[in-house]
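Chain and residue survey
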Amino acid sequence: MLVVMLMAALQANAEVYWHFQLGGMYTKQYGGSDDLTYSDGELDKKGNYELKAAVLLQIPLTRRIPLSIETGLAYRSKITLSQEKGFKFNPDSYYPGDDSQIYSYRGNIIEIPVRALWRQMFNESNSFDVGFGPYVAGNLERGLGNPLSVGINLSAAYRHRCLSVGVEWQNPVFLNGPRDYYANSFMVTFGITVKGKKIDLDKLATALDATATALSTVNAAMGYGSEGSYAAISSNSGSNNYMSGSNSASTLSGNNGSSAAGSSYQTQYDKWASVAERHYNSLTNLGYSITDSKGNKYGNSGMGASANTYTQMKKSFREAQREMKKIRQKARRAGVNIAESKWETATVSY
């Protein structure tokens, strides 16, 4: 599907150009690698960045019309705020009890764009490029959805000789697999274009088609991804009693092997169920009162906790629940049925 535009160029025996691109943008967002945080009982917006690196091939269609096909591979790193299916994140009406419906992490994304690139020449040294077309992307961490996204990419750049500076926008309008709240991506780009040799376009189209097909199956391949952010929470175990115990995240991460034996899946599942139970009990014993940075309390009566401690505790609890769900799904694909534990779906009322 994504190589249809490229196939139109297969009859062209034109020279090609390599375009190397870097991009980035800084913005204020909810969430981050340390999940959602609170100040004075309100959600914090934190400074986050988005980065991109790409190696693209520009293939002129004809000598008479300044239209090219631009395609290749790109890597993007951005904050992803993944939403549970059926849940709509609203920062104005969000409350701590919704934490299990949201998962924030830094996504590492592989993309294949296929753009039509129009070049308006001003003189021999200066031009303006406008690109538009679809893209397919695979996030290396599935979040609360699936890794695959398909959308539209729009770019504009001023070019002086081989150097260019521009802007780029994209949105997964067709498929937002991770159900990312931050669907729009906007950044400033810098690029350098160098002349390349003629290539076999038939082979290029075949290779891109194979790559796109591989990305379309990434959901199955990523059915049981790792939770990289969990280890970061475990590193705080020395200062937070609720993280103590033998079933730390770093220990359990090593047990997520590929064995299809039912006992192996059940053992992994039971260990994460024990972690979820421990975190649930810690939250319950701690009480319902949350203390903000000014010392003010809100919620029901209880022992109380700082907002950051509460956030970490809740994050640990729901990450354990997600691991349980992933193990059940992986076991089911291997033909092993594991009964759902009450700790996988347990919730706290604050």
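First, a word on scope: everything that follows refers to the structure included in this document. Treat the numbers as computed from the prediction; the structure is a model and nothing was measured.

One finds Tyr265, Trp272, Ala276, Met324, Ile327 and Ile338 to be the most contacted residues of the largest nonpolar core, which totals 18 residues. Elements with a contribution of two residues or more to this core: α6 (262-286) and α7 (307-333). The element best represented in this core is α6, accounting for 7 residues. Grouped together as the second largest cluster of nonpolar side chains are 10 residues, Tyr30, Leu36, Phe87 and Tyr94 included.

This paragraph deals with the side chain of arginine 328. Mapping arginine 328 onto the fold places it in helix α7. Dropping the residues within four chain positions of it, arginine 328 is found in contact with Tyr269, Ile338, Ala339, Glu340 and Glu344.

Moving on, we get to the environment of glycine 86. Summarising the element assignment, glycine 86 is placed in the loop between β5 (67-83) and β6 (102-121). Sequence separation between glycine 86 and arginine 179 is 93 residues, and the spatial gap between their C-alpha atoms is 9.8 Å.

Quick look at the packing of aromatic side chains now. One pass over the structure, following the stated rule, counts 6 aromatic pairs. An angle of 35° between the planes, with centres 5.1 Å apart, marks the rings of tyrosine 103 and tyrosine 105 as tilted. Summarising the burial analysis for this pair, tyrosine 103 and tyrosine 105 share the class buried. Judged by centre distance (5.9 Å) and plane angle (50°), the ring pair of tyrosine 280 and phenylalanine 317 falls under tilted. A residue pair is termed long-range when its members are at least 10 positions apart, and tyrosine 280 in helix α6 and phenylalanine 317 in helix α7 qualify at 37 residues.

The rules we used
- Residues numbered from 1 in each chain as written.
- Predicted model: local features only at pLDDT ≥ 70, side-chain atom pairs only at ≥ 80, totals over all residues.
- Heavy atoms only, no water.
- Core = buried A, V, L, I, M, F, W, Y, C linked by side-chain atoms within 4.5 Å.
- Buried < 20%, exposed > 50% of the residue type's maximum accessible area, 1.4 Å probe, protein only.
- Helix = DSSP H or I, 4+ residues; strand = E, 2+ residues; numbered from the N terminus.
- Contact = heavy atoms within 4.5 Å.
- Phe/Tyr/Trp six-rings, centres within 6.5 Å; stacked < 30°, edge-to-face > 60°.

This is a description of form; function is not addressed.
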